[in-house]
Amino acid sequence: RAGDEETDIHSKSYKKKKEMEQKAQAGSSHNWNALFMRPEAVGDAMAARYGVDKSDLLDDTDGSIAVKLAQGETHLIAHSKAWLAKH
């Protein structure tokens, strides 16, 4: 049946073709960044680390939320790399 799916790929929409290609490549180790963090996870981790509410941490009155998240992600990734290097 897998061969049928491959031949059907030519009749699918672009979105379906792309989805099928991504599923086919999902097992490849070079497709995933182990240190990737979603923005909401960064906000949660920063709030937990500093003991504040995420809404207070990401208040946009004193700077860009995107900049705060990028700086937080950079810090968390550096911390994770250091931990991984030790272990």
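Structure first, text after, so check above.
Residues numbered from 1 in each chain as written. Predicted model: local features only at pLDDT ≥ 70, side-chain atom pairs only at ≥ 80, totals over all residues. Heavy atoms only, no water.

J.: Explanation requested: the packing of helix α3 (residues 39–50) against helix α5 (residues 65–86) in the structure shown.
T.: Their axes nearest at 9 Å, the elements α3 and α5 cross at an angle of 75°. Viewed along their axes, α3 and α5 adopt a mutual orientation that is roughly perpendicular. Here α3 contributes P39, V42, G43, A45, M46, R49 and Y50 to the contact with α5, which in turn contributes K68, L69, G72, E73, H75, L76 and H79. Across the contact of α3 with α5, the residue classes break down as seven nonpolar, four polar and three charged. (Axes fitted to C-alpha atoms, helices over the stretch in contact; angles between N-to-C directions. Helix = DSSP H or I, 4+ residues; strand = E, 2+ residues; numbered from the N terminus. Parallel < 35°, antiparallel > 145°, perpendicular 65-115°, else oblique. Contact = heavy atoms within 4.5 Å. Nonpolar A, V, L, I, M, F, W, Y, C, P; charged D, E, K, R; others polar.)

J.: I would appreciate a short explanation of the nonpolar core in the present structure.
T.: The nonpolar side chains of a soluble globular protein tend to be buried, and buried together. Of all hydrophobic cores here, the largest spans seven residues; its members are V42, M46, A47, L57, L58, L69 and L76. Counting residues per element, this core draws most heavily on α3, which supplies three residues. In contact with L69, other than residues within four places in its own chain, are P39, V42, G43 and L58. (Core = buried A, V, L, I, M, F, W, Y, C linked by side-chain atoms within 4.5 Å. Buried < 20%, exposed > 50% of the residue type's maximum accessible area, 1.4 Å probe, protein only.)

J.: Can you help me understand the environment of A41 in this one?
T.: In this fold, A41 is placed in helix α3. Considered as a pair, A41 and L69 are 28 residues apart in the sequence and their alpha carbons are 9.7 Å apart.

J.: What is the right way to look at the pattern of salt bridges in this model?
T.: Per the stated rule, a full pass over the model turns up four salt bridges. Between D62 and K68 there is a salt bridge, with its nearest N and O atoms 2.7 Å apart. Judged by its relative accessible area of 59%, D62 falls in the exposed class. (Salt bridge = Lys/Arg side-chain N within 4 Å of Asp/Glu carboxyl O.)

J.: I would appreciate a short explanation of α5 in the present structure.
T.: Three or four residues apart is the spacing at which side chains of an α-helix point the same way, because the helix has 3.6 residues per turn. Spanning 22 residues, α5 covers 32 Å between terminal C-alpha atoms, matching the ideal 32 Å at 1.5 Å per step. Where α5 is concerned, the buried positions are K68, L69, G72, L76 and I77. Viewed end-on, α5 has its buried residues packed into an arc of 160°, placing them on one side of the element. Exposed residues pointing more than 90 degrees away from the buried face of α5 are listed as Q71, T74, K81 and A85. In the core, the buried residues of α5 are packed alongside α3 and α4 (54–57). In this structure S64 caps α5, since a side-chain oxygen of it lies 3.3 Å from the backbone nitrogen of A66. (Expected span 1.5 Å × (residues − 1). Arc of directions from axis to C-beta. Polar contact = N/O pair within 3.5 Å; in protein donor to acceptor, adjacent residues only side chain to side chain.)

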